[in-house]
Amino acid sequence: MAKKSVELYFVVMDALAEHYRILLGLDTSWKVDEVDLDLESERVVIRVSHGGGALSCSECHKECSGYDLSPERVWRHLDTMQFTTEIRAQVPRCKCVTCGVKTVSVPWAEKHSRFTLMFEAFAIKVLSAASSVQRAAVLLGLSWDAVHAIMERGVERGLSRRDLEGITHVGIDEKSFGRGHDYVSLMTDLGSNRVLDVVPDRTTEACDKLWETLTETQRNTIQGVSMDMWKAFMKSTAAYVPNALVVHDKFHISKHLNEAVDKVRRSENKQLRADGDDRLVGTKQLWLFNELNLDETRHSELMAAMRSDLKTGRAWAIKENFRNFWNYCYGGAAKSFFESWYAWAIRSRLQPIKNVARMLKTHLPVACSPKTDP
Ligand SMILES: [Zn+2]
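Here is a short report on the structure shown in this document. Once a new chain begins, its residue numbering starts again from 1 and follows that chain's sequence as written. Residues qualify for local features only when their pLDDT is at least 70, as the model is predicted, and side-chain atom pairs are given and counted only at 80 or more; totals for whole chains, interfaces and linings, by contrast, use all residues. With hydrogens and water set aside, each side-chain value is computed from the structure's full complement of heavy atoms.

The next thing to look at is the coordination of the zinc ion. A donor here means any N, O or S atom no more than 2.8 Å from the metal (3.2 Å for Na, K and Ca); water is not included, so a site may seem to lack partners. Looking at the zinc ion, one finds its protein donor set to be Cys 57 (SG), Cys 60 (SG), Cys 96 (SG) and Cys 99 (SG), positioned 2.3 Å from the metal centre. Around the zinc ion sit 4 donor atoms; with metal-centred angles ranging over 106 to 113 degrees, the donor geometry is tetrahedral. Each donor residue of the zinc ion belongs to the same chain, with the gaps between them written as C-x2-C-x35-C-x2-C. Key to geometry: four donors with every angle between 85 and 135 degrees are tetrahedral; four donors are square planar and six octahedral where opposite donors lie over 155 degrees apart and all remaining angles lie between 65 and 115; all other sites are irregular.

Written out as structure tokens, the structure is:
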């Protein structure tokens with residue numbers, strides 16, 4: 001490499017290290033030594049070290065003198081594009097007069113976690129959106145146990161900070177565990193993506209327990225609750241926070257619509273295959289996507305399927321059309337959009353779609369809150 005390009009290389013690498021230091025939210029007592037991009041294994045490794053300044057004991061927080069460096073540890077961080085990203089560091093140990101030799105705390109992770117706090121916050125978001133812990137584990141590329149541990153640490157963080165901040169919007173969700181019919185219900189603070197509590201079951205009593213983890217004063221500050229149209233949750237919420245606005249958000253509604261489209265597809269596929277027609281075989285995922293998110297090949301597959309006048313295509317069009325509902329900001333306009341959408345859905349002769357339409361109509365006064373939708 002010519003001298004000029006060697007210089008340029010180091011300038012770029014320095015800038016990259018500095019960029020990652022800021023991205024990780026590290027103050028200047030920590031430095032990013034190296035950012036290593038491994039194209040082969042699709043991995044970004046960020047090597048971090050302590051800058052050599054004052055150390056404090058992780059137990060009593062008193063300043064103490066350095067002792068040695070602990071063996072290198074690895075933390076999984078948020079992916080960089082599609083590349084798995086990890087932080088590696090040898091964390092200094094200090095000698096505290098009161099507590100003995102202690103490893104100092106790192107700002108990017110909690111004591112025993114193998115994940116950074118940012119990764120854990122992201123994992124909790126995925127967990128809130130996924131239908132089951134198993135599904136979240138697959139999406140995150142983690143074991144069930146790892147996801148469960150992240151959830152538990154999330155609850156602890158939620159508990160320890162709960163008194164400090166006003167909570168105004170919460171989400172209540174049910175998650176199935178594995179293949180069985182075991183459920184848990186969890187409450188998240190939508191303002192800060194922390195889990196407030198997780199309880200077994202998805203009954204009214206379970207939801208009551210969630211509400212009881214908040215004090216009455218805290219419940220009075222709740223303005224909005226985002227949750228599924230699940231009777232047990234509706235009942236409990238109406239009893240505990242009667243003044244909060246209940247919102248069945250885009251996520252929950254599109255989950256029901258997607259399920260309805262899939263039911264139509266499954267029964268139509270069965271009929272078609274009996275006649276030796278396998279147009280719908282292997283298309284499950286195709287109908288679940290938002291049209292705008294499809295790549296060109298998938299999009300033309302979808303358009304071809306639509307032109308062939310399949311029931312599934314009709315169900316999909318009704319589902320996709322409902323997206324427009326969220327564009328209306330005023331009650332009246334949203335209501336008249338809903339009326340014409342509803343009439344279309346009811347005339348569709350597609351039972352699963354009709355069922356969802358009826359359910360939405362029952363809940364319309366509460367579902368119709370596009371302004372508060374994220
Ligand atoms: Zn100490």
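For every residue, the accessible area (1.4 Å probe, protein chains only) is compared with the maximum for its type, and the residue is labelled buried under 20%, exposed over 50%, or partly exposed between those bounds. Secondary structure follows DSSP: runs of H or I at least 4 residues long count as helices, runs of E at least 2 residues long count as strands, and numbering of each begins at the N terminus. Of all 7 residues in strand 10 (residues 183-189), 6 are buried, a share of seventy percent or more. Here strand 9 (residues 169-176) pairs with strand 10 via 7 bridges, running antiparallel. Its bridge partner being in strand 10, Ile 172 is matched across the sheet by Met 187. Here strand 10 runs beside strand 11 (residues 194-200); their pairing, made up of 6 bridges, is antiparallel. Within strand 11, the position partnered with Asp 189 by the bridge is Arg 194. A pair of strands is treated as paired once DSSP finds two or more bridges between them.

What counts as a ring pair is set by centres within 6.5 Å for rings of Phe, Tyr and Trp (its six-membered ring), and what kind of pair is set by the plane angle: stacked under 30 degrees, edge-to-face over 60, tilted for all other angles. All chains considered together, the criterion is met by 7 aromatic pairs. Aromatic side chains Phe 322 and Trp 341 sit 4.7 Å apart centroid to centroid with 65 degrees between the ring planes, which places their arrangement in the edge-to-face category. In this pair, Phe 322 sits in the loop between helix 10 (311-321) and helix 11 (331-346) while Trp 341 sits in helix 11, placing the two residues 19 residues apart along the sequence. Taking 5.9 Å as the distance between ring centres and 40 degrees as the angle between the ring planes, the aromatic pair formed by Phe 338 and Trp 341 counts as tilted. Pair noted here: Phe 338 and Trp 341 are both in helix 11, with a separation of 3 residues, about one helical turn. Its relative accessible area of 1% is what places Trp 341 among the buried residues. Grouping aromatic residues by their ring pairs yields a cluster made of Phe 322, Phe 338, Trp 341 and Tyr 342. Charge over a ring is defined by NZ of Lys or CZ of Arg lying within 6 Å of the ring centre and within 35 degrees of the ring normal. The aromatic ring of Tyr 342 is capped on one face by Lys 361, whose charged end is 4.5 Å from the ring centroid.

Let's shift gears to the packing of helix 8 (residues 250-274) against helix 10. Helix axes are fitted to C-alpha atoms over the stretch in contact, other axes to C-alpha atoms as well, and angles between N-to-C directions run from 0 to 180 degrees. With their axes 8 Å apart at the nearest point, helix 8 and helix 10 run at an angle of 175 degrees to one another. With respect to their mutual orientation, helix 8 and helix 10 come out roughly antiparallel. Only Lys 311, Thr 312, Ala 315, Trp 316 and Lys 319 of helix 10 make contact with helix 8, whose side of the interface consists of Leu 257, Asn 258, Val 261, Val 264, Arg 265, Glu 268 and Gln 271. Tallied by class, the residues present in the contact of helix 8 with helix 10 amount to 5 nonpolar, 3 polar and 4 charged. Roughly parallel means an angle under 35 degrees; roughly antiparallel means over 145; roughly perpendicular covers 65 to 115; every other angle is labelled oblique. Residue contacts follow a heavy-atom distance rule, with two residues in contact if any of their heavy atoms lie within 4.5 Å. Each residue gets one of three labels, nonpolar for Ala, Val, Leu, Ile, Met, Phe, Trp, Tyr, Cys and Pro, charged for Asp, Glu, Lys and Arg, and polar for the others, Gly among them.

Another aspect to go through is the packing of helix 8 against helix 12 (residues 351-362). Running from amino to carboxyl end, helix 8 crosses helix 12 at an angle of 160 degrees, the nearest separation of the two axes being 8 Å. In terms of axis orientation, helix 8 runs roughly antiparallel to helix 12. Where helix 8 approaches helix 12, its residues Ile 253, His 256, Leu 257, Ala 260, Val 261, Lys 263 and Val 264 are matched on the opposing element by Pro 352, Ile 353, Val 356, Met 359 and Leu 360. Across the contact of helix 8 with helix 12, the residue classes tally to 10 nonpolar, 1 polar and 1 charged.

What follows covers the sheet that holds strand 5 (residues 73-80). Pairing is mixed in the open sheet, where 4 strands are placed in the order 1-2-6-5. Two strands bound the open sheet, and with one partner strand each, they are strand 1 (30-38) and strand 5. Neighbour to neighbour, the strand axes of the sheet diverge by 25 degrees on average, direction disregarded. Bridge count for strand 1 against strand 2 (residues 43-50) is 8 bridges, and the pairing is antiparallel. Within strand 2, the residue paired with Leu 37 across the bridge is Val 44.

It is worth spelling out unusual backbone geometry at this point. Despite not being glycine, Glu 42 has its phi angle at roughly 50 degrees, a positive value. Relative to the elements of secondary structure, Glu 42 occurs in the loop between strand 1 and strand 2. If you check the backbone angles, Arg 349 has positive phi at about 60 degrees while not being a glycine. Within the secondary structure layout, Arg 349 lies in the loop between helix 11 and helix 12. Looking at Arg 349, the relative accessible area reads 68%, which means it is exposed.

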